[in-house]
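Here is how the chains run, residue by residue.
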Amino acid sequence: MSTTASAESGAGSTSTTGPRLTRITEHVVEIISDSGEGAQRCGQSFGAIAARSGHGIWTVEIIPAEIQPPSRSVAGASGNRVRLGSGRITNGGDAADLVVAFNEQVLLGRVRMNELRPGCTILLENMWRDHRDPGVVASYTETHDALVNAGYQVIEIPMERECRTIVRDARRGKNMFALGMLAAIYRFDLDLARDQVALTFRKKTRQLIEVNTRLLEAGYAWAQANLGFAYDMPATLTAEDQIVVNGNTALALGVVASGMEICAMYPITPATSASHYLSEIFAKVGGMVHQAEDEIAACTFAIGASYAGKCAVTITSGPGYSLKQEGIGLAVMGEIPLVVVNVQRGGPSTGQPTKVEQGDLMTTIFGSHGDAPKVVIAPSSIEDCFYSVIAARRIAETFNMVVVVLSDASLATAQQPFPRPRFDPAWLAPPIDQSQVPEGLAPYAWDATTGLARRFVPGQPGGMYTLTGLAHDPEAGIAYDPDSNAQGIQARSLKLAALQKSLITPTVVGEDSGELLVIGWGSTKGAIEEAAERVRAEGRRVSSLHLRFVNPLPGGLKEIMQRFEKVMTVEGNWSDDPDDALIDESNRRYSALATLLRSRYLIDVDSWSEVGGSPIKPGTVERAILNKLEQR
Amino acid sequence: MIERMANGHAPASAAESLLRLYDERVEIEGFQKAVPRWCAGCGDNAVLAALQRLLRDEGLRPEKTVFVSGIGCSSRLPHYMNTYGFHGIHGRALPVAEGVRLARPDLHVFVNTGDGDCFSIGAAHWIHAIRYNMKMVVMVHDNQIYGLTKKQASPTSPANTVSNTTPRGSRLEAMNPLTVTLGVQNVSFVAQAADWIPEVLYDIVQAAFHHDGLAFVRIIQRCPEWMPSLLDPWLHDPGRVQLLHHENALSISPSLKMLYRNTLEHDPSDIHRAREVASSIDPLPIGILYHDPSVPRHDQILRENVVHSAESVRRLLDAEFDKFAVGARAGSA
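Right, let's walk through the structure included here. Worth saying up front: this structure is predicted, and the values here are computed from it rather than measured.

1. Digging into unusual backbone geometry
Cis rather than trans, the peptide bond between Gly347 of chain A and Pro348 of chain A has omega equal to 5°. Relative to the helices and strands, Pro348 of chain A is located in the loop between β13 (338-344) and α12 (361-366). Residue Asp282 of chain B is joined to Pro283 of chain B through a cis peptide bond whose omega torsion reads 5°. Counting through the fold element by element, Pro283 of chain B comes out in the loop between α12 (271-278) and β9 (284-291).

2. Structural notes on helix α7 (residues 206-226) of chain A
All names here are of chain A. Taking 1.5 Å of rise per residue, the 21 residues of α7 would be expected to cover 30 Å, and the 30 Å separating its terminal C-alpha atoms lies within 8% of that figure. Those residues of α7 that sit buried are Asn212, Thr213, Leu215, Leu216, Gly219, Tyr220, Trp222 and Ala223. Contacts from the buried residues of α7 go to β7 (153-157), α4 (159-163), α5 (174-185) and α6 (190-200).

3. Re the interface of chain B and chain A
With 62 residues of chain B in contact, the opposing surface of chain A contributes 76 residues. Surface buried jointly by chain B and chain A totals about 5,700 Å² across both partners, of which 65% is contributed by carbon and sulfur atoms. On the chain B side of the interface with chain A, the three residues burying the most area are Tyr84, Phe321 and Val326 of chain B, jointly 13% of the side's total. Linking chain B to chain A there are 23 residue pairs in polar contact (both at pLDDT 80 or more). Within the residue set of the side of chain B that touches chain A, elements represented by two or more residues are β2 (84-87), α5 (93-103), α7 (123-132), α13 (298-302), α14 (310-323) and β10 (325-327) of chain B. The greatest single-element share of the side of chain B that touches chain A, amounting to 11 residues, is contributed by α14 of chain B.

4. Quick notes on the sheet that holds strand β23 (residues 605-609) of chain A
Residues and elements named next belong to chain A. Spatial strand order, β18-β20-β19-β22-β23: 5 strands in an open sheet with mixed pairing. In this open sheet, the two strands that pair with only one neighbour each are β18 (508-509) and β23. For strand β19 (residues 514-521) and strand β22 (residues 564-571), the ladder comprises 5 bridges, and the chain directions are parallel. Counterpart to Gly514 in the pairing with β22 is Phe564.

5. Some details on the pairing of strand β15 (residues 402-408) of chain A
Residues and elements named next belong to chain A. Of all 7 residues in β15, 7 are buried; the element is thus mostly enclosed. Side chains Val402, Val404, Leu406 and Asp408 of β15 all project onto a buried face; the interleaved residues Val403, Val405 and Ser407 project onto the opposite face, where all are buried too. When strand β14 (residues 375-377) meets β15, the two strands line up parallel, connected through 3 bridges. Opposite Ile377, over in β15, you have Val405 as the bridge partner. A crossover links β14 with its parallel partner β15, the connecting element being helix α13 (residues 382-399), and its sense is right-handed.

6. Considerations on the sheet that holds β2 of chain B
Taking strand neighbours across the sheet as the criterion, the 10 strands line up as β17(A)-β2(B)-β1(B)-β3(B)-β4(B)-β6(B)-β5(B)-β9(B)-β7(B)-β8(B) in an open arrangement whose pairing is mixed. What marks the edges here is a single partner per strand, and that holds for β17 (466-468) of chain A together with β8 (263-265) of chain B. Taken pair by pair, the neighbouring strands of this sheet meet at an average axis angle of 20°, ignoring direction. Two strands pair when backbone bridges link them, and strand β7 (residues 241-245) of chain B and β8 of chain B are joined in this way by 3 bridges, in the parallel orientation. Across the sheet, residue Leu244 of chain B finds its bridge partner in β8 of chain B, namely Leu264 of chain B. Along the sheet, α5 of chain B makes contact with β1 (65-69), β2, β3 (108-114) and β4 (136-142) of chain B, crossing β3 of chain B at roughly 175°.

Each value, and the rule that gives it
- Residues numbered from 1 in each chain as written.
- Chains lettered and ligands numbered in written order.
- Predicted model: local features only at pLDDT ≥ 70, side-chain atom pairs only at ≥ 80, totals over all residues.
- Heavy atoms only, no water.
- Helix = DSSP H or I, 4+ residues; strand = E, 2+ residues; numbered from the N terminus.
- Expected span 1.5 Å × (residues − 1).
- Buried < 20%, exposed > 50% of the residue type's maximum accessible area, 1.4 Å probe, protein only.
- Contact = heavy atoms within 4.5 Å.
- Buried area = accessible area lost by both parts, 1.4 Å probe.
- Polar contact = N/O pair within 3.5 Å; in protein donor to acceptor, adjacent residues only side chain to side chain.
- Pairing = 2+ DSSP bridges.
- Right-handed = clockwise from strand over helix to strand, strands pointing away.
- Axes fitted to C-alpha atoms, helices over the stretch in contact; angles between N-to-C directions.

Structure, rendered in structure tokens:
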């Protein structure tokens, strides 16, 4: 750290000897701007610098629904939330402690959504005070004054003016100035920040990197000279190598690491960035990304590749998943290994493309007509996104099943450091079997206990058969007789049971008995565990359990649930409010996982859920837990 | 033979390998499986016979050949062929076949689909398959009616077709799949065959098999069950069939010429002329309408000249992890 600031008294400062240093263990920082002003890049870079300084981080993208929403609009906030701390960070946290805003309107949007901690520090671009449009000036001063009156620490900063000493168009550059200020405020090493700028712009020209470095340095110097405060947040530099990526990048890296060579996809938010990144790197291992003409084609293309011996993946989100359902049923019926990634978004229909929701659990487990058993894995962290795909490919090929990796918009764009994976050749599939098929062996010689059958791959002499989506007998012959049909359905179902026997019972976080067990799945893990931890700190006996395999469910869950007085799921999907006038026990719709647990284990599992479109916050879960504890 | 060598059966000498190749040639019986359950007189039988003959003549190995189909009468064909087969879902034969093709350049890929399967429910895939131009033979068994679901009008049913969904006659003019196909960028091979002229049907599927790209073959065929008299005008009057011939396409045998006197010399490299010929229904053009072997194949464009291996995966992951590294190694990133 090279921060030995001797700041002159500037805006908001009362010190003359140096910045007022406040010791903190964690902070939530937001950088927000109009779309296209680079706040996201600033936030991502800030998160990376924090991580490289040895801090725990979790970043959340703040994305407007449109590519170019009108400038200076309340709904148009684009940027990043970075939660950073001395220890490990597992979620985006509650309200923001410090905000950098490029205009007062996007700031207002965040205030109205209760994303800011009352009284928090706001670094606000003040160019609007002198705007030629009196309406803008009025709006700015009005908002500014209102925020000050409400108790926020608003610091006006001439970012535009300062940047224009370096670049002509400050719209493209203000973000790096802001990054410099943040680096100074959190006392990050300037060299490390310079290094990150070079990395962020590695695909751009040398000249552009230089200009951005100068902007970074200017912001850093300005903050040191004019801001009278800084934060001292201890870091824990581990000897262990770590990487920082978002969930979609982790998924794509998982595809490479799983040994899959073919991805068929169709563009859809918020899944596409996984395919973008895969397209960038896949060719280096001979991998191919096929952008199909539609979701159905992407699914059936992957099925064709898998059938021919190369287990393939198709990556999509809710609406695309719905379209793939018939193809998924075909893969189930034909017992073709297939990996489907569903990065959930708000639904139904087009829903909320950029928003967070966990609404697809039921359709993923039960979707496709008829009885179509498939495996569903829900990653619960960025690291999990990586390993889930590797596990999915292996399970798909071991059991000749469809395996769905059920991520969501929260994991898709969130970044979190995790231990650098050590490549294991066992992650890859063995070479395609082209050996002679023993005479008399049938393509669906289902094992009576496990339902498993050896799959024949085109090219294998003696194995010629015609795969069909029709009901079939062990010889793959079309069979309409009741016995063959029952035998096939039973075999496909047994495979799920065979897999279930190999699953490990998840660990309870907290005591293994108590007042309340909170169960979650997918991206909510960090928030749930943090909330339960806070409640435990207040002396309540609350534990949590998180499911990674949502179909089949691992064994041992009933015994765990029975040791708690109350059980409740926390989910990002719909459940009826029991206090609503029309809702009673005979018609209440529970959240998806709660419904599954209730029906399977005959235990009175309650659910708390929200569909707010943002990652569920630990503070919100904490309140839900406290409410549940109060219930009689 | 090369394929067999790849499987570890190294031949002792060239002569021996040739002999072995001859020995291992699979006869037509070797490609036959179940007895077809198509109606008597159904055009699908003619297509099956032509294909089994083609596989024998070309010396294809059954295990190296895949027939992909969708849903419909024609899509039952893989069940009657002793090769690998994929009888999938309605309309999606083409994307499945593309997946097979991309995963396995060593396999021979054939697609059998129908007028409903290809031109209606699978229309999007048809257009894009033409555009991708991946190497495969695509045969559309076009009987101009939905047969398996018991007589509904298809996109190629002529106007006024009385069917169970058009009891007062269909109102729409029939789609012309040849002109549609010839309108798609990257089209590289288009032919039209008729089930009742087996000699030309065979010549066309053979030319299609040797085409380096997607060969689109529309086969006009009879449905004796639901449309028994539809094609009578052409069957009863060979003069209403126009056989296409060219030195760069098919030649017409003298015996065939005696029956079919209406012939047309057509250069298959001329797409404008091909579109003109394609737009005719009466006379019905039979032969190769268009052929351009120079159109790039998407299955080759997608394929990078990199061998997938544990080592290449390790190298790539290492490079990417370096890029995203924090902590101990971060400074060197």
